[in-house]
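As a plain string of letters, each chain reads:
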Amino acid sequence: MTTSDPWRLVGEVESLGLVSSSMYELVVGLEDVVSFRPGQFCMLNLGGGREMVLSRPFSILAVDGNRVTLLFKAVGSGTRAMATCKPGAPVVFLGPLGQPFPSPDTATAGQTAPRHLLLAGGVGLPPLLAWQRAWGREGDLYLFGGRDGGDVPWSLVSEGWRCSVDRHVDVPRNVDAFVGNVVELAREILGSVDDEPRRVLACGPLALLRAVTAFAGERGWDCRVSVEERMGCGYGVCRGCVVPRADGEGYLTACHDGPVLAADAIDWKCFGRAEGGSPPVSAIGCNRPEQDTKS
Amino acid sequence: MMRRPDWLPFDPGGEFRLGPRVLPGRVWTASGCFGYGLTGRDIKASDGGSPFDGLGAVVTKTITTSPRQGNPPPRIWDAGSGALNSIGLENVGLDRFVDEIIPALRQDRVPFVASIAGTRPGEFGDMTRRLVAAAADCEHWHGVELNLSCPNVAHGGVDFGRRPETVRDCVEAAVAEVTDRIVLAKLTPNVASIAELATAAADGGAHGVTAINTLLGMDIDLATGQPVLPLRRGGYSGPAILPVALAKVDEIVRESGLPVVGVGGIGSAEDALKFFAVGAVAVQVGTSQMNDPFSAAGIAGVFNGS
Ligand SMILES: Cc1cc2nc3c(=O)[nH]c(=O)nc-3n(C[C@H](O)[C@H](O)[C@H](O)COP(=O)(O)OP(=O)(O)OC[C@H]3O[C@@H](n4cnc5c(N)ncnc54)[C@H](O)[C@@H]3O)c2cc1C
Ligand SMILES: Cc1cc2nc3c(=O)[nH]c(=O)nc-3n(C[C@H](O)[C@H](O)[C@H](O)COP(=O)(O)O)c2cc1C
Ligand code: FES
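Only a predicted model underlies this, so the values are computations on that prediction, with no experimental measurement involved. Chains are numbered independently. Their residues run from 1 in the order of the written sequence. Here chains are named by letter from A upward and ligands by number from 1 upward, in the order in which they appear as written. Since the coordinates come from a predicted model, pLDDT governs what is reported: local features require at least 70, and pairs of side-chain atoms require 80 or more to be given and counted, while whole-chain, interface and lining totals use all residues. Each side-chain value is worked out from all heavy atoms of the structure, with water and hydrogens disregarded.

1. So, the overall build of chain B
Thinking step 1. A run of H or I in DSSP counts as a helix once it spans at least four residues, and a run of E counts as a strand once it spans at least two, with each numbered from the N terminus. The helix and strand tally for chain B stands at eight helices and 17 strands.
Thinking step 2. We compute the radius of gyration over the C-alpha atoms and compare it with the globule rule, which gives 2.2 Å times the number of residues raised to the power 0.38. Rg of the C-alpha trace for chain B: 18 Å, near the compact-globule value of 19 Å for 306 residues, within the 12% margin.
Thinking step 3. Dimensions of chain B, computed from C-alpha atoms along their principal axes, come out at roughly 50 × 50 × 40 Å.
Thinking step 4. Pairs of residues are marked as contacts when any of their non-hydrogen atoms sit within 4.5 Å. Across chain B, contacts joining residues at least 24 apart in sequence account for 72% of those joining residues at least 6 apart.
Thinking step 5. Working note: accessible area of chain B is about 10700 Å², and carbon and sulfur atoms make up 50% of it.
Thinking step 6. Positive charges come from Lys and Arg alone, negative charges from Asp and Glu alone, with His and the N- and C-terminal ends not counted. By convention, the charge on Lys lies at NZ, on Arg at CZ, on Asp at CG and on Glu at CD. Here chain B carries 26 positive and 33 negative side-chain charges, and the mean point of each set is 2 Å from the other. Computed with the Shrake-Rupley method and a 1.4 Å probe, the accessible areas treat only the protein chains shown as cover for residues.

2. Brief notes about the site of ligand 2
Thinking step 1. It suffices for a single heavy atom of a residue to lie within 4 Å of a molecule or strand for the residue to be listed as near it. Near ligand 2, the surroundings consist of 24 residues, among which Ser 31, Thr 62, Lys 186, Gly 265 and Thr 287 of chain B are the closest.
Thinking step 2. Surrounding ligand 2 are residues belonging to chains A and B, so the site spans chains.
Thinking step 3. Counting of polar contacts relies on pairs of N or O atoms within 3.5 Å, with two restrictions inside protein: one atom must be capable of donating a hydrogen and the other of accepting it, and residues adjacent in sequence are counted only when both atoms are side-chain atoms. Note that an oxygen atom of ligand 2 is positioned 2.9 Å from one of the backbone N or O atoms of Ile 212 of chain B.
Thinking step 4. One nitrogen or oxygen atom from the side chain of Thr 287 of chain B is found 2.6 Å from an oxygen atom belonging to ligand 2.
Thinking step 5. Bound to the protein, ligand 2 loses 100% of the 610 Å² it would expose on its own.
Thinking step 6. Partitioning the shell around ligand 2 into residue classes produces eight nonpolar, 14 polar and two charged. Side-chain classes follow a simple rule in which Ala, Val, Leu, Ile, Met, Phe, Trp, Tyr, Cys and Pro form the nonpolar group, Asp, Glu, Lys and Arg form the charged group, and the remainder, Gly included, forms the polar group.

3. Here we look at the domain arrangement of chain A
How big an interface is tends to be stated in terms of the accessible area lost upon association of its parts.
Residues and elements named next belong to chain A.
Thinking step 1. When the domains of chain A are assigned, the result is domain 1 (7–97), domain 2 (101–226) and domain 3 (229–295).
Thinking step 2. Contact with domain 1, which involves seven residues of that partner, is made by eight residues of domain 3.
Thinking step 3. At the boundary of domain 1 with domain 3, total buried surface from both sides reaches about 580 Å², with 74% on carbon and sulfur atoms.
Thinking step 4. Within this document, salt bridges are pairs made up of a side-chain nitrogen of Lys or Arg and a carboxyl oxygen of Asp or Glu, the two lying within 4 Å of each other. One can count zero salt bridges joining domain 1 with domain 3.
Thinking step 5. Counting residues per element, the ones that place at least two in the side of domain 1 that touches domain 3 are β3 (41–46) and β7 (90–97).
Thinking step 6. Considering only residue class, the side of domain 1 that touches domain 3 consists of six nonpolar, one polar and no charged. In this entry, domain limits derive from an automatic or database-based domain assignment. When two parts are brought into contact, each loses some accessible area as probed by a 1.4 Å sphere; the total of that loss over both is the buried area.

4. Structural notes on the sheet that holds strand β12 (residues 215–218) of chain B
Note: strands within a sheet are paired through backbone hydrogen bonds, in either parallel or antiparallel orientation.
All names here are of chain B.
Thinking step 1. Here the rule is simple: two strands pair whenever DSSP picks up at least two bridges between them. The strand order across the open sheet built from four strands is β6-β7-β15-β12, with neighbouring strands paired in antiparallel fashion. Each edge of the open sheet is held by one strand with a lone partner, namely β6 (76–78) and β12. Adjacent strand axes in the sheet meet at a mean angle of 40°, parallel and antiparallel pairs treated alike.
Thinking step 2. Of the strand pairs in this sheet, β12 and strand β15 (residues 233–237) are connected by four bridges, and their pairing is antiparallel. By the bridge assignment for β15, Gly 217 is matched with Gly 234. Only the stretch in contact is used when fitting a helix axis, every axis being a line fitted to C-alpha atoms; angles between N-to-C directions are given from 0 to 180 degrees.

5. What to know about the interface of chain A and chain B
Thinking step 1. On the side of chain B, 63 residues touch chain A, which itself brings 46 residues to the contact.
Thinking step 2. Taken together, both faces of the contact between chain A and chain B bury some 4500 Å²; the carbon and sulfur share is 54%.
Thinking step 3. At the junction of chain A with chain B, the criterion picks out four salt bridges.
Thinking step 4. Between Lys 44 of chain B and Asp 5 of chain A there is a salt bridge, with the nearest N and O atoms lying 2.7 Å from each other.
Thinking step 5. Taken together, chain A and chain B are joined by 15 residue pairs in polar contact (both at pLDDT 80 or more).

6. A look at the packing of helix α2 (residues 121–135) of chain B against helix α3 (residues 164–175) of chain B
All names here are of chain B.
Thinking step 1. Running from N to C, α2 and α3 point in directions that differ by 25°, and their axes come no closer than 7 Å. Relative to α3, α2 is oriented roughly parallel. Helix-helix and strand crossings are classified by hand; for α2 and α3 the assignment is right-handed. From α2, Pro 121, Phe 124, Gly 125 and Thr 128 reach across to α3, where they touch Thr 166, Asp 169, Cys 170, Ala 173 and Ala 174. Oblique is the label for any angle not covered by the other classes, which are roughly parallel (under 35 degrees), roughly antiparallel (over 145) and roughly perpendicular (65 to 115). Two helices crossing with the near one rotated counterclockwise from the far one by less than a right angle form a left-handed crossing, whereas a clockwise rotation gives a right-handed crossing.

7. Thoughts on the packing of aromatic side chains
Thinking step 1. Put simply, two rings from Phe, Tyr or Trp (the six-membered ring, in Trp's case) pair if the centres are within 6.5 Å, and we call them stacked under 30 degrees between planes, edge-to-face over 60, tilted for the rest. Summed over the entire model, instances satisfying the criterion amount to 11 aromatic pairs over all chains.
Thinking step 2. Ring plane angle 40° and centroid distance 5.1 Å describe the contact between Phe 34 of chain B and Phe 52 of chain B, whose orientation is recorded as tilted. Linking Phe 34 of chain B in the loop between β3 (27–29) and β4 (44–45) with Phe 52 of chain B in the loop between β4 and β5 (57–59), this pair joins segments that are 18 residues apart in sequence. Assigned by exposure class, Phe 34 of chain B and Phe 52 of chain B land together as buried.
Thinking step 3. Aromatic rings pair up to connect Tyr 24, Phe 58 and Phe 72 of chain A into one cluster.
Thinking step 4. Here, a charge over a ring means that NZ of Lys or CZ of Arg falls within 6 Å of the ring centre while also lying within 35 degrees of the ring normal. For Arg 230 of chain A, the ring lying beneath its charged end belongs to Trp 77 of chain B, and the centroid distance is 3.5 Å. Accessible area is worked out with a 1.4 Å probe on protein chains only. A residue is then buried under 20% of its type maximum, exposed over 50%, and partly exposed in between.

In structure tokens form, the structure reads like this:
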């Protein structure tokens, strides 16, 4: 796979199907071929007109010529509209965008290619599944976490993936699912000490990324996370999608500097809303300078 | 190519004069929605076009004298018929704009208008003077757009841009520094009479006004009962505000007679024509340009037949 410039292409929905109780697989056919690297994303505008005022970001799972496959969950107005779209519905696609996950060859200075530990939660699966398909090797470990058995897209994680579920319901009889979160599963498999360092790649909800970062930090492992932030443009012009920098010097953008970032480049204390509907961290003492209503 | 409507007194595709300048086109990108005019050049389309094709000007992201980090995220939200934003004027500051952005724009031959914001009238003059010193020989630099909706420390936090006298003073300070560049005053719609502000800008010697900046807006996340933006309220833009923007432009044209650059909700050539119909001399594309990097170039293409 080679890097490629982003393209703005029109196209249409080719197919839509469920791959778990809550996860959809969407295939769009575009007017031209595209390529991507695992971890890159696209901005998708369903309707192609102005039904969506802002396009929505989605990781790219696969590209086959002019056909692009995405996985998504219906969480709000835009994704609900996508979940009910029909083949032939027009789309506008902008991609591939952003920085990909490193390939195994991009070893840290002076080291040989490390073994990898991939952790995906929910719709964090596509970029890591794409990475496994492109670069996976013997010795790498692939872990996927879902809410319960129904939430896991079993057909997609059949090859080499181990799964964790929060609740042990609807798990097919012939599979072995760990009860707990995906980081607990990693601890279970790797034990408290590991022989060889691994590079950790993760994508999923913020709580997962925090836990993975802490886990990798304990062992001193290189950790790359794919972050989510609300996006305006997706191509680096609006400064909408910012992620606080670890050095306190302002922000990185999820769309241009990311979405894949080194975990230690992020100020985790100031990143994201506190879970469970509490006030945003900005309102609970994460002091960064300007605070006004101006655009 | 679109047939020019009989009622339109000018060719929407050609170059045009505004104050002391001739600009290459009437379709511009709006401040804050296309960065500094340096990003997006690598984006391709199947017809071989570029997002910069046919643009009359890129109005660069508003800069302030010192860099600003901007507001905490989330900063942007699709509120249904429009977008809410709370970027907080994150920008690189005047020094980097002069040292890095202007040389790159000059090299890429991007026609641009620099948007600036200050906290007192004299600062608009000082910033303009720096720009003139740095770009006087750059034929692609057409002038400044004064973003007059910044909190004014000198007046107890009341937006400067809402007081006609300050609007006049800011414009006057900038106009005093230029000879052959445009000074545009960008007006806020969040006032009782926008025409009064335009008249004040005319008194200060502005070559025109840009209208409108975002409307003050808000949305609630029903899952939490909390505002979606950490700072509660933000700027509302996009398709929903087009009729409001059109009414404001109409009011300004009729009451002040100043040339108006229309902005608000424009996403198609038809939308742009509505602004020309009420008397705007040029238009800017904001939210739609974020949504689609070819939005403004596409509209320009309809007008100039490419
Ligand atoms: C780089 C990137 C890659 C992504 N890849 C995928 C993917 O492969 N599959 C997938 O299902 N989703 C992905 N997302 C998230 C997806 O973009 C959002 O779910 C979508 O924009 C929600 O739109 P909506 O209109 O349905 O929701 P809204 O009505 O706008 O919001 C509904 C809920 O979703 C949350 N939300 C909305 N946008 C985001 C966002 N950008 N990040 C985090 N939470 C958000 C909101 O806080 C809210 O609680 C990705 C996001 C980013 C930034
Ligand atoms: C994300 C975003 C950032 C903006 N930043 C600025 C800015 O820095 N300076 C400014 O004068 N206007 C700014 N604006 C306002 C736009 O230039 C424009 O006036 C407004 O959005 C209305 O036009 P639209 O509906 O086409 O977006 C911003 C708007 C958005 C959506
Ligand atoms: S979404 Fe606009 S800069 Fe990232």
